[in-house]
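These are the residues of each chain, in order.
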Amino acid sequence: MRFHTLLIMILGLFSLLTACGGGDDKVCDPGETQRCHCPDGEDGSQVCSDDGTKWKSCQGCEDDDDQSTDGDDDQTTDGDDDQSTDGDGDQTTDGDNDPTTDGDNDPTTDGDDDQATDGDDDQATDGDEESDTDGDLDEDTQDVAESEAEAEVEEEEEPLPTGRCSASNVICTANDDCSPAQVTLQGFCIVRDDNAGYSCGFESYDGTGSTVTCEGQTVGHCEDDIDCMLGTTCGYYGSNWCEGNTADGICRNYTIPGADPCTNDNLCQIEVDNVCVICGNGQVDSAQEECDDSNTDDNDGCSSTCRFEGECRDNSNYPTDHECATDNDCIDGCYDSPCTCHFD
């Protein structure tokens, strides 16, 4: 009986020691809450720490700015001192240490590790992997500048001046456009009434818009040799050539070989050069130009169609019918000296 009583007393002492923490350092169950007293005398609450070894500070007191229950000084429950809930030391929730939300460690928001915002790994902002900013894969921008300069030059280039081929009468910019290089002109036979002479008439090259008729043939009227194809000249036929009519201003040729007398139109064929005649290019390309002053302006001595606009006169101002574009055209054009070109 005495032994039994002694055993019960030993067991009770062991239980008392265990309850007072003699077995480990825990003082409460983790997460357990209990009422506590605030400094102002009001009641608050405190939470047992995660390891159960202590009670956290009393929360809910008027001088406590943190309404959460994790024992720190912010409003979240993650145990750190920022306002996010990811457990790091910045204000974002992406788990890294910069203030952006793209999950990397630079202050931009494009998801890579450089300071630019184009999503690649260089410092430029052109979206490629090299350090210049022209958007291509070389290390300089010289090629871009050169290509832009070439484009500007091409835009500023004026179109080539155009003319017409002297025989085929097609648009041209150079002799290569006038093919073939020689052209056969077909004329018509003109015989004088007494059969004492013959000639061949031809269509005009750049006529005046009017026509002339001879030997039953109607062709473009010419004013001077410029209006006629190369190899022909502008002339006049009296009534004894054109069956009672006169033909003033018709392109003709007197030197048809083997056509004596001219009895067949097939005999009125001549081979002439076919060259590009460009008025305004600064050179007299053929007999179809009287002058060329490098422009196509009128009233400057040489017209827009490269014809003389002036007349040579001496001091007496006597008309000479000698046409000109400059004084150089009047060397032998007057009765007396000095002989100059006039445009009035």
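These remarks concern the structure in this document. None of these values were measured; they are calculated from a predicted model. (Residues numbered from 1 in each chain as written. Predicted model: local features only at pLDDT ≥ 70, side-chain atom pairs only at ≥ 80, totals over all residues. Heavy atoms only, no water.)

1. A few points about the overall build of the protein
Line of reasoning, step 1. Assigned secondary structure in the protein consists of 2 helices and 16 strands.
Line of reasoning, step 2. Classification of the 344 residues of the protein by burial places 35% in the buried group.
Line of reasoning, step 3. Considering only contacts in the protein between residues 6 or more positions apart, those separated by 24 or more positions represent 34%.
Line of reasoning, step 4. Accessible surface computed for the protein: about 21,100 Å², of which carbon and sulfur atoms make up 47%. (Helix = DSSP H or I, 4+ residues; strand = E, 2+ residues; numbered from the N terminus. Buried < 20%, exposed > 50% of the residue type's maximum accessible area, 1.4 Å probe, protein only. Contact = heavy atoms within 4.5 Å. Areas by Shrake-Rupley, 256 points an atom, 1.4 Å probe, with all protein chains shown as cover.)

2. A look at the environment of Ile-226
Line of reasoning, step 1. Within the secondary structure, Ile-226 is located in the loop between β9 (217-220) and β10 (233-242).
Line of reasoning, step 2. Remark: the alpha-carbon pair of Ile-226 and Ser-286, spanning 60 residues in sequence, is separated by 8.9 Å.
Line of reasoning, step 3. The contacts of Ile-226, once residues within four sequence positions are left out, are Tyr-205, Ala-287, Gln-288, Glu-289, Glu-290, Cys-306 and Arg-307.

3. Observations concerning the sheet that holds β10
The pairing of strands in a sheet comes from backbone hydrogen bonds and takes either a parallel or an antiparallel form.
Line of reasoning, step 1. Spatial strand order, β6-β7-β11-β10: 4 strands in an open sheet with antiparallel pairing. The open sheet has two edge strands, β6 (188-191) and β10, and neither has a second partner. Averaged over neighbouring strand pairs, the angle between their axes works out to 55° when direction is ignored.
Line of reasoning, step 2. Strand direction decides the pairing type here: β6 and strand β7 (residues 198-202), joined by 4 bridges, are antiparallel. Residue Cys-189 lies in a different strand from β7, and its bridge partner there is Cys-200. (Pairing = 2+ DSSP bridges. Axes fitted to C-alpha atoms, helices over the stretch in contact; angles between N-to-C directions.)

4. A few points about the environment of Ser-286
Line of reasoning, step 1. Relative to the assigned elements, Ser-286 resides in the loop between β13 (276-277) and β14 (310-313).
Line of reasoning, step 2. On a C-alpha basis, the gap between Ser-286 and Val-275 in space is 8.0 Å, while along the polypeptide they are 11 residues apart.
Line of reasoning, step 3. With sequence-adjacent residues up to four places away left out, Ser-286 is seen in contact with Leu-230, Val-275 and Val-277.

5. Quick notes on the pattern of salt bridges
Line of reasoning, step 1. For the coordinates displayed, the defined rule picks out 3 salt bridges.
Line of reasoning, step 2. Glu-223 is paired through a salt bridge with Arg-307; the nearest N and O atoms lie 3.9 Å apart. Taken together, the residues span a long stretch of sequence, with Glu-223 in the loop between β9 and β10 and Arg-307 in the loop between β13 and β14 at a distance of 84 residues.
Line of reasoning, step 3. Asp-227 serves as the salt-bridge partner of Arg-307, at 2.2 Å between the closest nitrogen and oxygen. You can see Arg-307 sitting in the loop between β13 and β14 and its partner Asp-227 sitting in the loop between β9 and β10, a full 80 residues away along the chain.
Line of reasoning, step 4. For Asp-227, a relative accessible area of 0% corresponds to the buried category. (Salt bridge = Lys/Arg side-chain N within 4 Å of Asp/Glu carboxyl O.)

6. Details of the state of the cysteines
Line of reasoning, step 1. Scanning all chains against the criterion turns up 13 disulfides.
Line of reasoning, step 2. Disulfide partner of Cys-165: Cys-178, at an S-S distance of 2.0 Å. Here Cys-165 and Cys-178 share a disulfide; its torsion about the S-S bond, -90°, makes the bridge left-handed. Of this pair, Cys-165 sits in strand β3 (residues 163-165) while Cys-178 sits in the loop between β4 (171-172) and β5 (182-186), and the two are 13 residues apart along the sequence. (Disulfide = S-S within 2.5 Å.)

7. Brief notes about the sheet that holds β14
Line of reasoning, step 1. Spatial strand order, β15-β14-β16: 3 strands in an open sheet with antiparallel pairing. The outermost strands of the open sheet, each flanked by one partner alone, are β15 (323-324) and β16 (340-342).
Line of reasoning, step 2. Examined bridge by bridge, β14 and β15 share 2 bridges and lie antiparallel to one another. The partner of Glu-311 across the bridge, within β15, is Glu-323.

8. Looking at a negative patch on the surface
Line of reasoning, step 1. A cluster of acidic residues, Asp-40, Glu-42, Asp-43 and Glu-62, forms a negative patch at the surface.
Line of reasoning, step 2. With respect to the helices and strands, the residue Asp-43 is situated in strand β2 (residues 43-47). (Patch = residues over 30% accessible without salt bridge, like charges linked within 9 Å, V, L, I, M, F, W, Y side chains within 5 Å. Lys, Arg positive; Asp, Glu negative; His and termini not counted. Charge placed at Lys NZ, Arg CZ, Asp CG, Glu CD.)

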